[in-house]
Amino acid sequence: MTRTYRIDDTRQTLVLAARNDRLPEVVYWGPRLGADEDLDTLHAAHAIDVTGGMLDENPDLSLCPEASRSFPGQPGLILRSGDGTPLLPKFCFVDVAQDATSLVLTYRDADNRLDLTCRFLSDPATNVITCQTALDADRPVHLHWLAAPVLPGPQQSDEMIDVSGRWCGEFQLSRTAWSPGMRYRENRTGRTGHEHFSGLIVPCRGATNTRGEAYGFHYGWSGGHRMIAEELPDGRRQIQWGHAARMETEAAMHFSTAPLYIAYSDTGLNGCAVAFQRHLRDRIVTWPKPDAPRPVHYNCWEAVYFDHKLPVLKDIAARAAALGAERFVLDDGWFGERDDDTRSLSDWTVDARKYPDGLHPLIDHVHGLGMTFGIWFEPEMINEDSDIHRAHPDWVLGSEDQTLGRQQKALNMALPAVRDYLYDRIAAILSDHQIDYIKWDHNRVLPMPDASQTRGSYALIDRLRADFPQVEIESCASGGGRIDFGILQRTQRVWLSDSNDALERLRIQHDAALFLPMAVTGSHVGPRVCHTSGRTLDISFRAWVAAQRHMGFEMDPRELTDHEASVLKEVTDWWKHHRHWLHKADILRLDSADPAVIAEQQLAQDQSRFVVFAGKAATSAQIVPRPLRLTGLDPDARYRVTLVNRDTATHLSRGAPLLKSDALVVTGTYLMHHGITLPWSFPERMWVLEGEKL
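Below, the structure is looked at part by part. (Residues numbered from 1 in each chain as written. Predicted model: local features only at pLDDT ≥ 70, side-chain atom pairs only at ≥ 80, totals over all residues. Heavy atoms only, no water.)

1. A closer look at the environment of Arg 205
Turning to step 1, where the next piece is worked out: Note that Arg 205 resides in the loop between strand 14 (199–203) and strand 15 (214–219).
Turning to step 2, where the next piece is worked out: The class for Arg 205 is exposed, based on a relative accessible area of 59%.
Turning to step 3, where the next piece is worked out: Along the chain, Arg 205 and Phe 276 lie 71 residues apart, while their C-alpha atoms are 22 Å from each other.
Turning to step 4, where the next piece is worked out: The residues touching Arg 205, leaving out its near neighbours within four places in the chain, are Gln 156, Ser 157 and Asp 158. (Helix = DSSP H or I, 4+ residues; strand = E, 2+ residues; numbered from the N terminus. Buried < 20%, exposed > 50% of the residue type's maximum accessible area, 1.4 Å probe, protein only. Contact = heavy atoms within 4.5 Å.)

In structure tokens:
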């Protein structure tokens, strides 16, 4: 007997099949199949041959590969009984529940008294399938490893693209060739990490940003994960995702993976990117004011750091508002006796030395300028030099002599008393002041990975969101150290990187767009001389790079020349004029023929318009620009293309390309196959083009 199931959206089909009562395996994942496809035939056709040196029957690469069935690779489940005895489960079919968009499969190991449940949910609008595995026992057991539903790696792929990085250098794409054995990535830092974003793209041979087949994965969990991409001796490939091993430190009767989000694309890497962007923006994030435009930010951190003086902050706020800012965020330094990063974390009361009349005079001033007010917290952290550490050293996570990070320790978020204390302090600030935004920071890795720490953080944020539903939250962790769909179920913005260097940001934003939409990705115009790189960059370049995402400022506006202020206001006005459609636009990475140019196209949801950002990150090898091909357009339609910032062309651009003087009106076929010829420019400059479908 064969049991078969299919999960469909408008782009892809996932087919599962099993012999008798065994766990099913994925026998097809690719373009959507016709309704009349015979799934039993697909199962039969999926079987591989047997030859010398092999078992007489190939063990199933199932949704949870089982060592008890002689599976030769990494199993999907490793656990022990309460007394430490290893268990080798063998699951058999119990039940199935399916409707148009969901599939729930339940299996049982009667001997070991274990139940395994695999869930799938398709989304026809975003073309993302959400997968999750749960394990239940009738007595406490110890879990070492539980994989989300295991998927096959495509045979037509030569490599995989996963994501690494560092502080001020997040979202670095790493390409690794498939080979016999295992690509093993494990993050044991206790947070998503700059180094370990939980994403994977597997391109098929010849795939680029804009064409070819690709498979995308994202594990939506903030506490550290494990990814296994393994090629078996018989050539089959499996991809596993789950929490980092041994993160469940206590025996329990129920365990669950985080959601695994998957997407198939036949339009290159961009197909996966668009699916993830839309799903995050439209399904994962909950917006306090869904119809309100994304406000232009001003964050005071790089202007004043810990040196808070009310007259200075009022002056800065007035200047920021004049430039176009609509939200003022008061960063670190407003509480306890916080004059540097060595003290007062967890003492969440207003510093009476800096604010003798409280925060109300500053907030009232900001509101009087027409801006809303946001504030910085780092709830999960504590300094040794703080009142709370002196009163409750037992609230700290980890040993007394642990290595500090940024002069701080982590609070044990699994303790209800800790969560109650933090809730009370944060709720008091929010209740007593008109605050609509929190920048929620997390500036160190944990002393050890522990899933209960992440669940505790989630519980605190969930409680605050329930009681203060109009307050928006930004996830920051020394920049991009906690970015994933798990934290973004609870927040509405991420601080992509502590680097406000526009040149570095250009690359970081480009690669992060494989998963993140414009609406959640904060990007600020930094100071003339970048505080993290020492690089000096032109105001136009800095402003346009910030305008690629959710725009803001973080420089000291008192440093701006009249020219710089004029340019910044002009770009900000442009962003405000277009944000109503950019919020829902798809970010499409372009295949630039010049490796010095990092380019993207933001295409409106109704495909009636687009904007292209072409950033020149280095000096080109050739003299003049190569044509830049666009993507995703109607080949038969005509488009009017205008160079928005043509007035910034340098005197060394001496020719007369059409775009320097007039609009270009051509077909989508021309734009996608020949491309746009841009004027010459210096490195560290950005060309911006608007396109309109006629």
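2. Some remarks on the sheet that holds strand 30 (residues 586–589)
Turning to step 1, where the next piece is worked out: Pairing within the open sheet is antiparallel, and its six strands lie in the order 30-31-32-35-33-34. The open sheet has two edge strands, strand 30 and strand 34 (664–667), and neither has a second partner. Strand-to-strand twist across the sheet, computed as the mean angle between neighbouring axes with direction ignored, equals 25°.
Turning to step 2, where the next piece is worked out: Of the strand pairs in this sheet, strand 30 and strand 31 (residues 597–603) are connected by four bridges, and their pairing is antiparallel. Across the sheet, the residue bridging to Asp 586 is Leu 603, located in strand 31.
Turning to step 3, where the next piece is worked out: Lying on the sheet, helix 9 (residues 502–512) is in contact with strand 30, strand 31, strand 32 (609–616) and strand 35 (685–693); it crosses strand 31 at an angle near 50°.
Turning to step 4, where the next piece is worked out: The strands touched by helix 10 (residues 539–546) within the sheet are strand 32 and strand 35, with strand 35 carrying the most contacts at an inclination of about 45°. (Pairing = 2+ DSSP bridges. Axes fitted to C-alpha atoms, helices over the stretch in contact; angles between N-to-C directions.)

3. A look at the packing of helix 4 (residues 310–323) against helix 5 (residues 360–368)
Turning to step 1, where the next piece is worked out: Contact pair helix 4 / helix 5: the axes reach a minimum separation of 10 Å and the direction vectors enclose 15°. Of the possible angle classes, the one that applies to helix 4 and helix 5 is roughly parallel. Handedness of the crossing formed by helix 4 with helix 5: right-handed. Every residue of helix 5 that contacts helix 4 at Leu 310, Leu 313, Lys 314, Ala 317 and Ala 318 is listed here: Pro 361, Leu 362, His 365 and Val 366.
Turning to step 2, where the next piece is worked out: When the residues that make up the contact of helix 4 with helix 5 are grouped by side-chain class, the tally is seven nonpolar, one polar and one charged. (Parallel < 35°, antiparallel > 145°, perpendicular 65-115°, else oblique. Left-handed = near helix turned anticlockwise from the far one by under 90°. Nonpolar A, V, L, I, M, F, W, Y, C, P; charged D, E, K, R; others polar.)

4. Structural notes on the nonpolar core
Turning to step 1, where the next piece is worked out: Among the nonpolar cores identified, the biggest contains 171 residues, and Phe 217, Phe 328 and Trp 334 are the most heavily contacted of them.
Turning to step 2, where the next piece is worked out: If sequence neighbours within four positions are ignored, Trp 334 has contacts with His 308, Trp 348, Thr 349, Val 350, Asp 351, Tyr 355, Leu 359, Ile 375, Trp 376, Phe 377 and Ile 429.
Turning to step 3, where the next piece is worked out: If you look at the next biggest cluster of nonpolar residues, it comprises 25 residues, including Leu 630, Leu 633, Tyr 639 and Leu 671. (Core = buried A, V, L, I, M, F, W, Y, C linked by side-chain atoms within 4.5 Å.)

5. Focus: the pattern of salt bridges
Turning to step 1, where the next piece is worked out: The final tally for this structure, using the stated rule, is 55 salt bridges.
Turning to step 2, where the next piece is worked out: Taking the shortest distance from any N to any O, the salt bridge between Lys 584 and Asp 282 comes out at 3.0 Å. Residue Lys 584 is located in the loop between helix 11 (562–582) and strand 30, and its partner Asp 282 is located in helix 2 (residues 269–284); the two are separated by 302 residues in the primary sequence.
Turning to step 3, where the next piece is worked out: What makes Lys 584 partly exposed here is its relative accessible area of 30%. (Salt bridge = Lys/Arg side-chain N within 4 Å of Asp/Glu carboxyl O.)

6. A look at the layout of surface pockets
Turning to step 1, where the next piece is worked out: Empty space within the largest pocket amounts to approximately 520 Å³.
Turning to step 2, where the next piece is worked out: If you go around the largest pocket, you meet 22 residues; those closest to its centre are His 46, Pro 152, Gly 153, Pro 154 and Gln 155.
Turning to step 3, where the next piece is worked out: The dominant element in the lining of the largest pocket, judged by the number of residues it contributes, is strand 3 (residues 25–31), at seven residues.
Turning to step 4, where the next piece is worked out: Residues belonging to the lining of the largest pocket are distributed by class as follows: 11 nonpolar, six polar and five charged. (1 Å grid on protein atoms, 1.4 Å probe; cavity = no way out; pocket = protein on both sides within 12 Å on 5 of 7 lines; lining within 4 Å. Points joined across faces, edges and corners; volume = space filled by probe spheres on them.)

7. Notes on the sheet that holds strand 28 (residues 521–525)
Turning to step 1, where the next piece is worked out: Read around the closed barrel, the eight strands follow the order 20-21-22-25-26-27-28-29; overall the barrel is parallel. Taking each pair of neighbouring strands and ignoring which way they run, the sheet shows an average axis angle of 30°.
Turning to step 2, where the next piece is worked out: Examined bridge by bridge, strand 20 (residues 297–299) and strand 21 (residues 327–330) share three bridges and lie parallel to one another. Considered in strand 21, the bridge of Asn 299 is made with Val 329.
Turning to step 3, where the next piece is worked out: Each of strand 28 and strand 29 (550–553) touches helix 10; the most contacted strand, strand 28, lies at about 165° to it.

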